[in-house]
Amino acid sequence: MISSLVSRLSAALLLALGLALLFAPDVMLGALTPGVPPQAQWLGQLLAAAWLGMAGSNWMQRTVIIGGIYARPLVFANFVLYLVSALTLLRAVRAPGASRGTWWLAAPMCLFALVYAALMFRGPFDALPPRDG
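About the thresholds
Residues numbered from 1 in each chain as written. Predicted model: local features only at pLDDT ≥ 70, side-chain atom pairs only at ≥ 80, totals over all residues. Heavy atoms only, no water. Core = buried A, V, L, I, M, F, W, Y, C linked by side-chain atoms within 4.5 Å. Buried < 20%, exposed > 50% of the residue type's maximum accessible area, 1.4 Å probe, protein only. Helix = DSSP H or I, 4+ residues; strand = E, 2+ residues; numbered from the N terminus. Contact = heavy atoms within 4.5 Å. Polar contact = N/O pair within 3.5 Å; in protein donor to acceptor, adjacent residues only side chain to side chain. Axes fitted to C-alpha atoms, helices over the stretch in contact; angles between N-to-C directions. Left-handed = near helix turned anticlockwise from the far one by under 90°. Nonpolar A, V, L, I, M, F, W, Y, C, P; charged D, E, K, R; others polar. Phe/Tyr/Trp six-rings, centres within 6.5 Å; stacked < 30°, edge-to-face > 60°. Patch = residues over 30% accessible without salt bridge, like charges linked within 9 Å, V, L, I, M, F, W, Y side chains within 5 Å. Areas by Shrake-Rupley, 256 points an atom, 1.4 Å probe, with all protein chains shown as cover. Salt bridge = Lys/Arg side-chain N within 4 Å of Asp/Glu carboxyl O. Parallel < 35°, antiparallel > 145°, perpendicular 65-115°, else oblique.

**Q** What is the right way to read the nonpolar core from this model?
**A** Nonpolar side chains in soluble globular proteins tend to end up buried together. One finds Leu-14, Trp-51, Ile-66, Tyr-82, Met-109, Tyr-116 and Leu-119 to be the most contacted residues of the largest nonpolar core, which totals 29 residues. Mapped onto this core, the elements with two or more residues apiece are helix 1 (2-23), helix 3 (41-60), helix 4 (72-94) and helix 5 (100-121). Among the elements that make up this core, the one with the highest residue count is helix 5 (10 residues). If sequence neighbours within four positions are ignored, Tyr-116 has contacts with Val-6, Ser-7, Ser-10, Asn-58, Ile-66, Val-75, Asn-78, Phe-79 and Tyr-82.

The following block contains the structure:
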């Protein structure tokens, strides 16, 4: 089931990023944006809380068909999360001296933004074919 795969991959990505930011905000923020003061580590942990919350939501809905009218709040929340993340990271990538880590983070965010946009506006990828008669 494609919906299950999308939910599981999204949950895995957000879990990995969330745990990294929760337990090593100094390392993660320092690698992505050099010059971040140590006093700003709590911002990374707040982002980690949001990512871990969405990872949990995606994991709990992994067996549900998502897209179109199915699980619309979950699809919309993921779409907004990934779209805003992708746009923010793409802006950061264009800045002079952007780290390679920003590129590696921007790529899956862009991909998932496109996937969740397709799910929201097109409908589920694994919809049942129409019945005859």
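**Q** Just to check I follow, could you spell out the side chain of Ser-4 for this structure?
**A** Locating Ser-4 in the fold gives a position in helix 1. A distance of 3.1 Å separates the side chain of Ser-4 from the backbone oxygen of Arg-62, its partner in a polar contact.

**Q** Any chance you could explain the packing of helix 4 against helix 5 here in plain terms?
**A** Each pair of packed helices can be summarised by the angle the axes make with each other and by the distance between the axes. Where helix 4 contacts helix 5, the two axes come as close as 7 Å, and the packing angle between them is 145 degrees. Both helix 4 and helix 5 take part in a crossing whose hand is left-handed. Tallied by class, the residues present in the contact of helix 4 with helix 5 amount to 21 nonpolar, 3 polar and 1 charged.

**Q** Is there a simple way to explain the packing of aromatic side chains in this structure?
**A** Think of a pair of aromatic rings as described by two things: how far the centres are apart, and how the planes are tilted against each other in angle. Per the counting criterion, the structure on display carries 4 aromatic pairs. Measuring from centroid to centroid gives 5.8 Å for Tyr-82 and Tyr-116, while their planes differ by 5 degrees, and the two rings are stacked. With Tyr-82 in helix 4 and Tyr-116 in helix 5, this residue pair connects regions lying 34 residues apart in the sequence. Ring pairing ties together the aromatic residues Tyr-82, Phe-112 and Tyr-116, which thus form one cluster.

**Q** Help me out: how do you make sense of a nonpolar patch on the surface in this one?
**A** A cluster of nonpolar side chains, namely Leu-15, Leu-19 and Phe-23, defines an oily patch on the protein surface of about 310 Å² accessible area. By secondary structure assignment, the location of Leu-15 is in helix 1.

**Q** Explain the environment of Gln-45 here, please?
**A** With respect to the element layout, Gln-45 can be found in helix 3. Residues Gln-45 and Ala-24, spaced 21 residues apart in sequence, show a C-alpha to C-alpha distance of 8.8 Å. Beyond its immediate sequence surroundings of up to four residues, Gln-45 is in contact with Leu-21, Leu-22 and Pro-25. Among the polar contacts made by the side chain of Gln-45, one reaches the main-chain carbonyl oxygen of Leu-22 at a distance of 3.1 Å.

**Q** What's the story with the packing of helix 1 against helix 2 (residues 25-32) in this structure? I'm lost.
**A** Where helix 1 meets helix 2, the axes come as close as 5 Å, and the angle between the chain directions of the two elements is 110 degrees. With respect to their mutual orientation, helix 1 and helix 2 come out roughly perpendicular. Seen from helix 1, the contacting residues are Ala-20, Leu-21, Leu-22 and Phe-23; seen from helix 2, they are Pro-25, Met-28 and Leu-29. Residue classes in the contact of helix 1 with helix 2 are distributed as 7 nonpolar, no polar and no charged.

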